[in-house]
Amino acid sequence: MKNIEFRFLNADELQVKCTDTKFKGSATLLVYKDARVDMKVLDETVSPMCWQKDYKEINGKIYCGVGILDEDTNQWIWKWDCGTEGNFEAEKSEASDAFKRACFNWGIGRSLYSLPKIKIHCPDTYYYNDKMVMTFKVKTIEFDEETKKCTRLEIVDKNNNVVFTTFGNGNEEDKLFKLSNKDLLIEFCKKEKPNLNQNEITILENFYRYYAGKCDEWNGNFEPYNIWKKWLERAKQ
């Protein structure tokens, strides 16, 4: 069987779920794909006639298998995984989750595992009766062709305000962010530009993760504010 290369997923094919909203003022965002995207990618990569799915129950859990036809041998190659129940229509959501996980096993959307943890600040305007009502979407996402890891991610709210953005080169070293001097960097920028809003501070924190995190130690000659302004302009393009 020839090696099958599934393309990277596009920003408009991804969805963003807001989780960890127990404490008002902050939230964790989860970027994910749905089953329709998996079917679309399978159709365009191997053709609708050359893949199929099947389900079976083992010890009370629903498993889904995705089979792809090996045209050289005329045999079906299968990869299986089980799902977990959701909060709505448990059996249907478990079956759908099993299908998505089986597609991960084939490599569809596997690069999403390289995304950083997305923690954002949430102003009062994101809530109604103390319940989160704001929605989010992926505006930009890029991956490194060689490492298959995310190199750029930008998430916006429904008003197109940037709530999270980060850059990286896909290398393992970029996961080792040094945040010990983050507050010092923010205070420096506040002195240069008073009244930073929370969105700017969030972007600044992500700036530090990428740029200042690469420095071995804090250097008083480092010009974080000037670099941050250029980075902020780029992030808002």
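Residues numbered from 1 in each chain as written. Predicted model: local features only at pLDDT ≥ 70, side-chain atom pairs only at ≥ 80, totals over all residues. Heavy atoms only, no water.

To continue, consider the environment of Met 134. Here Met 134 lies in the loop between strand S8 (131-132) and strand S9 (136-143). Residue Met 134 is classed as buried on the basis of its relative accessible area of 8%. In the structure, Met 134 is positioned twelve residues away from Cys 122 in sequence and 9.1 Å away in space, judged by C-alpha atoms. (Helix = DSSP H or I, 4+ residues; strand = E, 2+ residues; numbered from the N terminus. Buried < 20%, exposed > 50% of the residue type's maximum accessible area, 1.4 Å probe, protein only.)

With that settled, the discussion passes to the side chain of Asp 34. Residue placement: Asp 34 occurs in the loop between strand S2 (26-32) and helix H1 (35-46). The buried category is assigned to Asp 34, whose relative accessible area is 13%. Among the polar contacts listed, one links the side chain of Asp 34 to the side chain of Arg 36, at a separation of 3.2 Å. Only 3.1 Å separates the side chain of Asp 34 from the backbone nitrogen of Val 37, close enough to count as a polar contact. Look past the residues within four positions of Asp 34 in its chain and what remains in contact with it is Gln 15 and Lys 100. (Polar contact = N/O pair within 3.5 Å; in protein donor to acceptor, adjacent residues only side chain to side chain. Contact = heavy atoms within 4.5 Å.)

Within the element layout of this structure, Thr 140 appears in strand S9. Measuring from C-alpha to C-alpha, the distance between Thr 140 and Arg 152 comes to 7.2 Å, with twelve residues separating the pair along the chain. Residue contacts for Thr 140: discarding those within four places in its chain leaves Ala 11, Arg 152, Leu 153 and Glu 154.

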